[in-house]
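Now for the letters of each chain:
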Amino acid sequence: SREAAIRFKLNPGWNTYWRAPGDAGIPPQFNWSGSSNLEDVAITWPTPEVLSQNGMQSIGYTEEVILPLHIKPRKPNKQIRLRAVLDIGVCRDICVPQRLKVSAKLPADKGQRDPRIAAALASRPLSETEAGLKMASCRITATPDGLNVTARLQLPSTGGPEVAVIETDNPQIWVSEAKTHREGAVLMAQSQLMHVDGDSFMVNRSTLRITVLGRSHAVDIRGCSAG
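Residues numbered from 1 in each chain as written. Predicted model: local features only at pLDDT ≥ 70, side-chain atom pairs only at ≥ 80, totals over all residues. Heavy atoms only, no water.

Of regular secondary structure, the protein chain possesses two helices and 18 strands. When the backbone C-alpha atoms are referred to their principal axes, the protein chain occupies close to 50 × 40 × 35 Å. Counting over 227 residues, the protein chain shows a buried share of 42%. Element-wise, carbon and sulfur atoms account for 49% of the exposed surface of the protein chain, whose accessible area totals about 12700 Å². Charge centroids of the protein chain, computed over 27 positive and 22 negative side chains, lie 8 Å from each other. (Helix = DSSP H or I, 4+ residues; strand = E, 2+ residues; numbered from the N terminus. Buried < 20%, exposed > 50% of the residue type's maximum accessible area, 1.4 Å probe, protein only. Areas by Shrake-Rupley, 256 points an atom, 1.4 Å probe, with all protein chains shown as cover. Lys, Arg positive; Asp, Glu negative; His and termini not counted. Charge placed at Lys NZ, Arg CZ, Asp CG, Glu CD.)

Structure, rendered in structure tokens:
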């Protein structure tokens, strides 16, 4: 496997978005189908910022962001040719969709370690173990329009006001901005889930992903038990 990265440099005052951009954001999409000798690409998302736009919350990056790519080739020890089409949103006073095309040739040898990629990898949210998570449970109830998810996280404080973001593995499911508060050592986060086409749907707790963004650090939580 190889490590590479995409670097976004933004003009002053502009921002782009994290994988779950919030109600005011545009979710980024990546199409790697034009690449050769490519089996899979996994993106490591550095810890984003909580942004406010016209009274709405969004999650993203300002000034510059480097997205590390973990790349698996179809044929080991052969050159990889990356060709990608990126659909992203950039915002200042207004949000503007952008389609970008990037390409690169990755040689068969892995080359030297790039400190910029290493720094971006180090800035990812902490794992459950690193953050000291003791318990994560989710209660799911039906609503007239979909489902309600209430997460209980026994987690040490991440510092200052804490924002929780709940994600599903289904891109057709809209997830509302989470209402987050603390009850002592337990962080509570509640979101509404609805299908974008109004269809019925199911949620598997093991595939839910909860990210807690605090002032001192962030935490990436994968899955939760019944609660």
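There is more to say, and it comes next.
On to the sheet that holds strand 17 (residues 218-222), then. Strand order in the open sheet formed by three strands is 12-16-17, and the pairing between neighbours is antiparallel. Pairing within the sheet leaves two strands with one partner each, and these edge strands are strand 12 (163-167) and strand 17. Strand-to-strand twist across the sheet, computed as the mean angle between neighbouring axes with direction ignored, equals 15°. The pairing of strand 16 (residues 209-213) with strand 17 spans five bridges and is antiparallel. Across the sheet, L213 pairs through a bridge with A218, a residue of strand 17. (Pairing = 2+ DSSP bridges. Axes fitted to C-alpha atoms, helices over the stretch in contact; angles between N-to-C directions.)

As a further point, take the state of the cysteines. Enumeration over the complete set of coordinates arrives at two disulfides. Across the disulfide from C91 sits C95; the S-S distance is 1.9 Å. Looking down the S-S bond of the C91 and C95 bridge, the torsion is 125°, so its handedness is right-handed. The residue that forms a disulfide with C138 is C224, at a sulfur-sulfur distance of 2.0 Å. Every disulfide takes its handedness from the sign of the S-S torsion; for C138 and C224 that torsion is -110°, giving left-handed. Taken together, the positions of C138 in strand 10 (residues 135-142) and C224 in the loop between strand 17 and strand 18 (225-226) put the pair 86 residues apart, joining distant regions of the chain. In the protein chain, the bonded cysteines, taken in the order they occur along the sequence, pair up as 1-2, 3-4. (Disulfide = S-S within 2.5 Å.)

Inspection of every chain in the model, using the stated rule, returns 10 salt bridges. Residue R19 pairs with E167 through a salt bridge whose shortest N-O separation is 3.0 Å. With R19 in the loop between strand 2 (15-17) and strand 3 (29-31) and E167 in strand 12, this pair connects stretches of sequence that are 148 residues apart. Residue R19 shares its accessibility class with E167, and that shared class is buried. One salt bridge in this structure joins R116 and D114, with 3.0 Å as the shortest N-O distance. Exposure remark for R116: the relative accessible area of 52% places this residue in the exposed category. In the salt-bridge network here, residues are joined through shared partners; they are R7, K9 and E64. (Salt bridge = Lys/Arg side-chain N within 4 Å of Asp/Glu carboxyl O.)

Next up on the list: the pairing of strand 15 (residues 186-195). Counting buried residues along strand 15, eight of its 10 residues qualify, which places the element largely inside the surrounding structure. Taken together, the eight bridges between strand 11 (residues 147-154) and strand 15 define a ladder with antiparallel strand orientation. Directly across from L153, in strand 15, lies its bridge partner L187. Examined bridge by bridge, strand 13 (residues 173-175) and strand 15 share three bridges and lie antiparallel to one another. Within strand 15, the residue paired with I173 across the bridge is H195. Adjacent in sequence and paired antiparallel, strand 14 (residues 179-183) and strand 15 are bridged by two residues, among which G184 carries a positive phi angle near 70°.

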